Amino acid sequence: MCCSGVVAAQQPVPLPEVIELVDEGHFADAEAMIAKGLDDATLPADTREALEFERERMRRILIDFHRDEAEVRKRLGERIPDLRDEEFARWKQANLLEHRVIDGRTWYFDRAISNLFRLSPEANARRADPSFSEGPMESPNAHQASVREAALASGNTSVGGHRIRVTQTLTVDADAVPAGETVRAWIPYPRAIPGQQEDIRLVRSSPEGAEVAPESVLQRTAYLEQPARAGEPTEFAITYELDILARYFDIDAERVTPAPATAELAAYLGERAPHIVFTPELREFSSKVVGDETNPYLIARKLFAAVDEIPWAGAREYSTISNISDYALHAGHADCGQQTLLLITLLRLNGIPARWQSGMVFEGGEGPDHDYWNLHDWGWVYLAPYGWVPMDVTTGRFEGNAELEWFYLGGLDAYRIVFNDGWGSQFQPAKVHFRSETVDSQRGEVEWSGGNLYFDQWDYGFEAREIRPSTTNPSTRSTITPPEGT
């Protein structure tokens, strides 16, 4: 029995253990540890916030994984009427029907069925319509060919382009926020990037008075606020114009040399937890792919091709994943941001500077045949003496096309808008509560004094149309100065 009158300090809750419990689906145990930690009045503020987010992460995982097996079998049976038990069991065992066991119960990903058809040719062949909807740039086309030809003919790396008018909307569900409370919204907004997107002008906002973040903010937004009204959705919108130019670098492998040792490039070479970590498994994967190759460009091509082999599938929310590059390496599928973070990590591991970029891709023109748009992530890799060159591993390699095979390792089309030059960057003005998307910023963010509004409480929209060919003169635009510290 202690007689000194001194109360022993409570042992701190180990955050890595909580994260591991959440990742492994032991939510009840994780919650017990979180509650214990939050009861400690001496807990540092950053640890308290991290534990609170793990509680929120569990809630978000259960939003993504909310279908039980009976519902999934029923829904899949509607697509494959003669579905056999052994097929379902086999696809489940291979995790082609993505699921998680959480506290002893099996829950399926909301997009498990649509992803199954992308991941399994066998399953896809069993449905009535085995075709997929694809973006306009996911196959070799005349636009990519014209970009390459114009760059080769002119010697410029920024060519062509057009002026675009864009409207983005964010609509909060009626009564998601109590009437009279202020709703705060951040809508993604492009940064000026010489040679890529220029002459950005805000046309209007609703409500009026949008606060556009400075160019220096790597995840730039237009901030708006207004009071909620009972029984009515709260609507926000911005309209802006910008010039978008295509990029193409004609890379000669024999000219490529290792990146110079500079402080600027050093920021793009190291690990950046939690999503860029040089794990033992990632080192092993890299070694198998790269072999004894030493040329940075040829290493980049090998890694690009290897990551491009990972099948695309609809992704769970990034904020629910504790290490995205590791997830992409092991899950058997990945979306654009997951593939990009994996490729960035592999390039950095091999001493090749790499960084993130993301925003929106779209199809120009008028009418229902030209209304495609989608969230998209890609990156940039530094190859001396060319400097920073773009890479889009998800649009990927066009095998069998001699001229365009490696277009997206050194080139970009003119049908994308950059919102982000870094992942997980801070907003201005800053959010008070957790972000819905902790990595990217493409849909927007919303909060009120009572907390963050997650994606199930609001919707977003995007519309882009071409006004005219770009008036920007690309003749002097051959390099891009990267942002610092991404």
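Anyway, here's the lowdown on the structure attached to this text. (Residues numbered from 1 in each chain as written. Predicted model: local features only at pLDDT ≥ 70, side-chain atom pairs only at ≥ 80, totals over all residues. Heavy atoms only, no water.)

Taken N-terminus to C-terminus, the directions of helix α4 (residues 69-79) and helix α6 (residues 112-119) make an angle of 50°; their axes are 10 Å apart at the nearest point. Considered as vectors, α4 and α6 are oriented oblique to each other. α4 and α6 meet at a crossing whose hand is right-handed. Across the interface between the two elements, Val72, Arg75, Leu76 and Arg79 from α4 touch Ile113, Leu116 and Phe117 from α6. A per-class count over the contact of α4 with α6 returns 5 nonpolar, no polar and 2 charged. (Axes fitted to C-alpha atoms, helices over the stretch in contact; angles between N-to-C directions. Helix = DSSP H or I, 4+ residues; strand = E, 2+ residues; numbered from the N terminus. Parallel < 35°, antiparallel > 145°, perpendicular 65-115°, else oblique. Left-handed = near helix turned anticlockwise from the far one by under 90°. Contact = heavy atoms within 4.5 Å. Nonpolar A, V, L, I, M, F, W, Y, C, P; charged D, E, K, R; others polar.)

At a minimum axis separation of 10 Å, helix α11 (residues 296-308) and helix α13 (residues 336-349) run at an interaxial angle of 150°. With respect to their mutual orientation, α11 and α13 come out roughly antiparallel. Of the two possible hands of crossing, α11 and α13 adopt the one that is right-handed. For the pair formed by α11 and α13, the contact residues are Ala300, Leu303, Phe304, Val307 and Asp308 on the first element and Gln339, Leu342, Leu343, Leu346 and Leu347 on the second. The residue inventory of the contact of α11 with α13, partitioned by class, reads 8 nonpolar, 1 polar and 1 charged.

What follows is about the sheet that holds strand β14 (residues 416-420). Pairing within the open sheet is antiparallel, and its 4 strands lie in the order β12-β11-β10-β14. Each of the sheet's edge strands pairs with one partner strand only, and the pair in question is β12 (387-391) and β14. Neighbour-to-neighbour, the strand axes of this sheet turn through a mean angle of 35°, independent of strand direction. Here 5 bridges tie strand β11 (residues 373-383) to β12, and the two strands are oriented antiparallel to one another. (Pairing = 2+ DSSP bridges.)

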